[in-house]
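Structural features, examined
Each chain, written out:
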Amino acid sequence: MANRRTYGPNREDPVRGSADTAMEFPRLLALLLIVLEWTRPGLPSPLRPICDLRVLNHFIKEARDAEVAMKSCREGCSLSESVTVPQTTVDLDVWEKKNALEQAQEVQTGLWLLQQALSLLRTSVSNTELHSHIDTSIRNLLSINAVLRSLNIQEYTPPASAVGLEGTWRASSATDLLQVHVNFLRGKVHLLLSNAQACQQDVS
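Heads up: these notes are all about the structure in this document.

Rules used in this analysis
Residues numbered from 1 in each chain as written. Predicted model: local features only at pLDDT ≥ 70, side-chain atom pairs only at ≥ 80, totals over all residues. Heavy atoms only, no water. Salt bridge = Lys/Arg side-chain N within 4 Å of Asp/Glu carboxyl O. Buried < 20%, exposed > 50% of the residue type's maximum accessible area, 1.4 Å probe, protein only. Helix = DSSP H or I, 4+ residues; strand = E, 2+ residues; numbered from the N terminus. Contact = heavy atoms within 4.5 Å. 1 Å grid on protein atoms, 1.4 Å probe; cavity = no way out; pocket = protein on both sides within 12 Å on 5 of 7 lines; lining within 4 Å. Points joined across faces, edges and corners; volume = space filled by probe spheres on them.

Within this structure, the stated rule accounts for six salt bridges. The salt bridge partner of D52 is R54, with a shortest N-O separation of 2.4 Å. The exposure class of D52 is partly exposed, given its relative accessible area of 26%. Connected through salt bridges with shared partners, the residues K98, E106 and K188 form a single ionic network.

Put into structure tokens, the structure is as follows:
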């Protein structure tokens, strides 16, 4: 039987997690500022690979915050039309048989689809709190692309249309879209970054 992985809520020690967060926050903030700086148009890729998964974990937390805000929204928070989003369930047997380029392209395609979908959501909702969460989510997707560039992953050229792309489905609600966003970051993006060749070389 294939080894399939889905991503549910993490069960971490809240006391230890709070202490670790307080100690590591200054370093994480500095790293995030560096990543955000590299998302500015026209800037070259960073000289060293960005391998600290705390950056991704911070983006996942902010994606969860957006999902929670959407679930509690009662007015001005609907998606105007269905959007194409990436599949998030990971079959590890299939994933591990793909080469690094195929894995990267699957992740990059998913990031592009999410960026397009979140941009549409941004124009669909009128709730100002959600606007802030969605803007943060879109910025974070751009930052993840900067991280990928730092790992010497080939620049992605998006297709002319999302129609016919494999490994996708249509989400018809804002809640579904934001749940996909969280699960995609926790799943395929995390797998790609945690096993990136540039980071293995950096550690060695």
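A few words now on the side chain of S137. Here S137 lies in helix α5 (residues 128-150). Contacts of S137, omitting those with residues within four sequence positions, involve A66, L118 and H181.

Before going further, it helps to examine empty space enclosed by the protein. If a probe as big as a water molecule is rolled over the atoms, it shows which places are left empty. The full count for this structure, using the stated rule, is one cavity of 30 Å³ or more. One number sums up the size of the largest cavity: a volume of about 70 Å³. The wall of the largest cavity is formed by I50, C51, D52, L53, V55, L56, F59, I144, V147 and L193. Taken together, the elements giving at least two residues each to the lining of the largest cavity come down to α2 (53-72) and α5.

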